[in-house]
Amino acid sequence: MNNSKLIGAMLATTMLASTAAAQDVTLTIESWRNDDLTIWQDKIIPAFEAEHPGIKLNFTPSAPAEYNAVLNSKLDAGSAGDIITCRPFDASLALFEAGHLADITDLEGMANFSAVAKSGWSTDDASVQYCVPMASVIHGFIYNKDAFEELGIEEPKTEAEFFAALDKIKEDGSYIPMAMGTNDQWEAATMGYNNIGPNYWKGEEGRLALLAGDQKLTDEAWVAPYRQLAKWGAYLGDGYEAQTYPDSQNIFTLGRAAIYPTGSWEISGFNGLADFEMGAFYPPVQNAGDTCYISDHTDIGIGMNANTPNPDAAKTFLNWVGSSEFATIFANALPGFFPLSSAPVELEDPLAQEFISWRGECESTIRSTYQVLSRGTPNLENDTWNASVAVIKGEETPEDAGKRLQEGLSSWYEPQQ
Amino acid sequence: MSDPHSKPKIRWHIIVFLAPAVLVYTAVMIYPLFNTLRLSLFSEVEQTRVFVGLQNFRTLFGDAVWSAQFWNALANNFWFFLIHMLVQNPIGIALAAILSHPKLRFASFYRSAIFIPTILSFVIVGFAWKLILSPIWGIAPGMLDAVGLKSLYAPWLGKEAYALTTLSLVSVWQFVGIPMMLIYAALLSIPDEILEAAEVEGITGFSAFWKIKLPLILPSIGIISILTFVANFNAFDLIYAAQGALAGPDFSTDILGTFMYRTFFGFQLQLGDPHMGSTIASVMFAIILIGVCLYLFGIQSRMRRYQF
C-alpha cells in the first residue's frame, strides 16, 4: 500500500519535472569543490536563476581526489554535465585537445580578464581559450598582529626589515619566528620559493623568459630566492624537518608563531580558529621602492562541454560567471578565493581585503612551474619541492639546486636546450 | 549396462566447487597481473596506445633520470627488508621462545598484546607514530627529556639519514607478531619426548634452544623470511601514510611501491603514466619472482626436515 503510494508520488514528480524541463533548460555543473555545495545552492544558483528565467542549474560536485578520473570517464561515456569546472593548465588542456572542452575564445565575458588570468586555461600560444577563469589564490605572509605589537615590529617592506623582524622575534623567544615545516615538502616550494620568487625574477617577465628559453634556472634571478630560503631554516621551529602542514597551521592559529608564509586560501579556515587579530604583508622587496610582484595563482576555471545539447544556455551562464555580480557573490562566500575578473569587487573580510589590495600595488604573476614546465620527466614542480626543502635544510647550496633543476628541465624542454 | 570403470567419469563436483574461487581469483588477480605485464609493452603517442616492445624497460634502466630513481627505490627497499630480517625476525623468534616457556605467567595476554598491532590499519599506525615522534606535539621528546636523554632526540622522520630506518622500525613494531605466532606454533609442535631426552643427556636452557629447538624450527624461519621478502617488496601503505607519495625527505624513504604509485597515478602536476607505471610493476613482479624462486630451489629443497 505504502509502496504503491510512493511509486505514484515518484511518477507524479517525474511527470512534473519533465513538463518543467520542456520549457526550462537544466545545466548540470561538474566540479571538485564539494566544500562549496552550500554556497552554490544558497547563493550562486538562486542569483543566476532569478536573473535568467528558463535556465536551471544543478551543481553536482565529486570528491577532489577523484574528480579528474570521474570526469574523464564521464566525458568518454558521454554522460558528463554541460558545464565543467576546470583544473588549471595541463589537466584541462588535455581535455580540450581530446575535444571535450569547447572553444570559448569569442565569449563576451572573456574581455573582463587579463592575460595572466587567462593563462591557466588557454593553449600554449594563448590563441584559444577553453575555460572562464573563476578564482585565484594570492600568496603572502599572514602574521599575528598581537605579537607584532607586543614586540614593536612593523610590517616589513624590504628584505632587510623582514630579517630584522625575524631576528627580533627569535631574540625575544616567546614566539617561533616563522611557522613552516619541510615534512610535506610542498609548503617549501609553494609558500617559500614561489611566494618570494616573483620579486627576483620580476613576475611575468621572468616567467615568460624562462618559458621562451631566454632565462635559465641557474640565472641569478632564479637562484636568489633559494639564497633567501637558505636563511629561513634558522627561524623555523625546533624539529621543523618533521613538521607537517597541519602542524604549521595549528602552531600559528594557537598563537605560538608570529609569521606564517602562506596563501589566501587559509583565510576562511583561520578566521574561525585564531583568537588574535591577523594581518598580512606581501613578500618583501629587495630594496625600498622596488616594484613588488605577487603570486596571484589561477586555481579554478569553468568551461563548457563540447557536446552539450544546450550550448546557448551554457554560454549565457559562462558570461554571467565573468560578470562582477558573480565575482562579488563568490569572493564574499569564500574569502581567500579571489575572482579573477577585472570587474570591481567589494570584499567584506578585512584580511581578504588586504590580500586583494596588493593587486593594485604589485604586479601579478602565477607560480613559475605550473605552465608547460611540469609536463615532462623529471617533473619540475616535484623537483622544486625537493630542492626548496634541501636548500632550507642546508643540504644543498642554492647554486647546486639551480643547476640540478636546470639540468632536469633542459633534458626534455626544447627551448631550454 | 555400462561398466563404471571403463571410462573415467567427469567429476563435476570438483569443477563446481573450484569454480567460484578460480573465477574470482582470475578476475581480480590473474587477469590484472597479465594485463599489467602487457601494458608495460605499450606507450601513448598522440592520444593513441602504440606497441613499443621493451622501450619502456630501456627507459627505466637506461635513462639517467628514471634509473637513478629506480636504483634509489630498490636500494631503499633492500634496506627496509634488511631491517626486518635483522630486527623483526630475531625479536619474533625470541618472543616466541619466551612465550613458549611453560613457567611464564600471563603468556596469552602478552601474545595478544604483541599481536594486536598487526591487525591495525597502516593508516592508523602511520599517523599514530607520526604523532608520537612529532617534535611539536609528540611524546617522544618529552619521554627522552624525562630520563635526561633529550640530546638524543631528533625529528627522525624529517631527517634523510634516519627516516627510512625509523619507518622500518615502525613496521617491525607493527608486524613482529606474525613471526612470533608462526614460530610459537612451531615450538609448540616439538614433542616433549625430544626435549626430555635432551634433558637426560644434560642439554637444558639455552643450549636446548640452540641445539634442539632452533634446528627444528628452521623451516618455519625460512617461510617467515620469504613472507617478509614478499611483503617488504610489495610495501607501500606505511610510507604513503607517513610521508606521502613523494616519500620525503628527498626520496630517502622512496621504495618500489611508492615509486610505482607516483608514476602510475601521477602526483600533483605530474600526470599519471600507466605504461611506465606498469613497467615498474612488472620489474617488481620479476624481483619478487626471482627472490621466491631462489628460496624455493636454492634453500628450501636443501633444508632438512625431521619427522616425529
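In this text, all values refer to a predicted model and were calculated from it rather than measured experimentally.

### Focus: the domain arrangement of chain A
Many structure descriptions define interface size as the accessible area lost when the parts assemble.
Residue and element names in this part refer to chain A.
Part 1 of the reasoning: Split into domains, chain A comes out as domain 1 (2–135 + 297–353) and domain 2 (138–296 + 367–416).
Part 2 of the reasoning: Across the contact, 15 residues belong to domain 1 and 19 residues belong to domain 2.
Part 3 of the reasoning: Contact between domain 1 and domain 2 buries roughly 1,600 Å² in total, counting both sides, with carbon and sulfur atoms accounting for 58%.
Part 4 of the reasoning: Salt-bridge contacts for Arg375 lead to Asp124; the nearest nitrogen and oxygen are separated by 2.9 Å.
Part 5 of the reasoning: Put simply, domain 1 and domain 2 have 6 residue pairs in polar contact (both at pLDDT 80 or more) between them.

### Here's the deal with the pattern of salt bridges
Residue and element names in this part refer to chain A.
Part 1 of the reasoning: Under the criterion given, the structure shown has 13 salt bridges over all chains.
Part 2 of the reasoning: Measuring nitrogen to oxygen at the nearest pair gives 2.8 Å for the salt bridge that ties Glu396 to Arg404.
Part 3 of the reasoning: For Glu396, a relative accessible area of 15% puts it in the buried group.
Part 4 of the reasoning: Assessed through its relative accessible area of 29%, Arg404 is described here as partly exposed.

### Brief notes about a negative patch on the surface
Part 1 of the reasoning: The grouping of Asp146(A), Glu149(A), Glu150(A), Asp167(A), Glu171(A), Asp172(A) and Asp275(A) at the surface amounts to a negative patch.
Part 2 of the reasoning: Among the elements of the structure, α6 (145–151) and α7 (159–172) of chain A are those that each provide at least two residues to the negative patch.

### Some points on the nonpolar core
All names here are of chain A.
Part 1 of the reasoning: Grouped together as the largest cluster of nonpolar side chains are 82 residues, with contacts concentrated most on Trp40, Val132, Phe252, Ile302, Phe317, Leu318 and Phe355.
Part 2 of the reasoning: A per-element tally of this core places strand β4 (residues 131–144) first, with 7 residues.
Part 3 of the reasoning: Composition of this core by domain shows at least three residues from each of domain 1 (2–135 + 297–353) and domain 2 (138–296 + 367–416).
Part 4 of the reasoning: If near-sequence neighbours (up to four positions away) are discounted, Val132 is found in contact with Ile104, Leu107, Met110, Phe113, Gly301, Ile302, Leu318, Val321 and Gly322.
Part 5 of the reasoning: Of all hydrophobic cores here, the second largest spans 42 residues; its members include Phe141, Tyr143, Phe163 and Ala401.

### Observations concerning the side chain of Gln243(B)
Residue and element names in this part refer to chain B.
Part 1 of the reasoning: On the secondary structure map, Gln243 appears in helix α11 (residues 237–243).
Part 2 of the reasoning: Since its relative accessible area comes to 8%, Gln243 is described here as buried.
Part 3 of the reasoning: Only 3.0 Å separates the side chain of Gln243 from the backbone oxygen of Leu157, close enough to count as a polar contact.

### Examining the UniProt feature "domain: ABC transmembrane type-1" (unreviewed entry) in chain B
Part 1 of the reasoning: Within the UniProt annotation, "domain: ABC transmembrane type-1" (unreviewed entry) is assigned to residues 74–297 of chain B.
Part 2 of the reasoning: Along residues 74–297 of chain B, the helical share is 74% and the strand share 2%, with 24 Å between the first and last C-alpha atoms.

### With respect to the side chain of Ser100(B)
Residue and element names in this part refer to chain B.
Part 1 of the reasoning: By secondary structure assignment, the location of Ser100 is in the loop between α3 (64–99) and α4 (107–119).
Part 2 of the reasoning: From its side chain, Ser100 meets the backbone oxygen of Ala97 in a polar contact 3.0 Å long.
Part 3 of the reasoning: Beyond its immediate chain neighbours, meaning those up to four positions away, Ser100 contacts Tyr184 and Leu187.

### Remarks on the interface of chain A and chain B
Part 1 of the reasoning: Listed per partner, the contact involves 29 residues of chain A and 26 residues of chain B.
Part 2 of the reasoning: Carbon and sulfur atoms make up 58% of the surface buried where chain A meets chain B, a total of about 2,200 Å² over both sides.
Part 3 of the reasoning: In this structure, Glu241(A) and Lys159(B) form a salt bridge, with 3.2 Å as the shortest nitrogen-oxygen distance.
Part 4 of the reasoning: Inspection of the chain A/chain B interface yields 4 residue pairs in polar contact (both at pLDDT 80 or more).
Part 5 of the reasoning: Elements with a contribution of two residues or more to the side of chain A that touches chain B: α4 (90–97), α12 (245–253) and α17 (380–393) of chain A.
Part 6 of the reasoning: Broken down by element, the residue count for the side of chain A that touches chain B peaks at 5 residues, all from α17(A).
Part 7 of the reasoning: Partitioned by chemical class, the residues of the side of chain A that touches chain B number 8 nonpolar, 12 polar and 9 charged.

Rules used in this analysis
Starting afresh in each chain, residues are numbered from 1 along the sequence in its written order. Here every chain gets a letter starting at A, and every ligand a number starting at 1, in the order they are written. Local features in this predicted model are restricted to residues of pLDDT 70 or higher, and side-chain atom pairs are both shown and tallied only at a pLDDT of 80 or more, whereas totals for entire chains, interfaces and linings draw on every residue. As a rule here, side-chain values come from all non-hydrogen atoms in the structure, and water together with hydrogens is ignored. Marked domain ranges trace back to an automatic or database domain assignment. Should any heavy atoms of two residues lie within 4.5 Å, those residues are counted as being in contact. Buried area: the accessible surface (1.4 Å probe) lost by two parts on joining, summed over both. One side-chain nitrogen of Lys or Arg within 4 Å of one carboxyl oxygen of Asp or Glu is enough to make a salt bridge. The definition of a polar contact used here is a pair of N or O atoms within 3.5 Å, where within protein one atom must be able to donate a hydrogen and the other to accept one, and adjacent residues in sequence count solely through side-chain atom pairs. A simple rule labels every residue: compare its accessible area, found with a 1.4 Å probe on the protein chains alone, to the largest value its type can have, and call it buried under 20%, exposed over 50%, or partly exposed in between. Like-charged residues are merged into a patch within 9 Å and nonpolar side chains (Val, Leu, Ile, Met, Phe, Trp, Tyr) within 5 Å, provided each residue has over 30% relative accessible area and no salt bridge. Note that accessible areas follow from Shrake-Rupley with a 1.4 Å probe, and for residues the cover is restricted to the protein chains shown. When charges are counted, Lys and Arg contribute as positive and Asp and Glu as negative, whereas His and the chain ends are disregarded. Charged side chains are reduced to one point each, which is NZ for Lys, CZ for Arg, CG for Asp and CD for Glu. Secondary structure elements are defined from DSSP: runs of H or I of at least 4 residues count as helices, runs of E of at least 2 residues count as strands, and each element is numbered from the N terminus. Among the buried residues, those of types Ala, Val, Leu, Ile, Met, Phe, Trp, Tyr and Cys that are joined through side-chain atoms within 4.5 Å form a nonpolar core. UniProt positions are given in the numbering used here, feature names are shortened, and annotations may be inferred rather than shown by experiment. Residues are sorted three ways: Asp, Glu, Lys and Arg are charged, Ala, Val, Leu, Ile, Met, Phe, Trp, Tyr, Cys and Pro are nonpolar, and all the rest, Gly among them, are polar.

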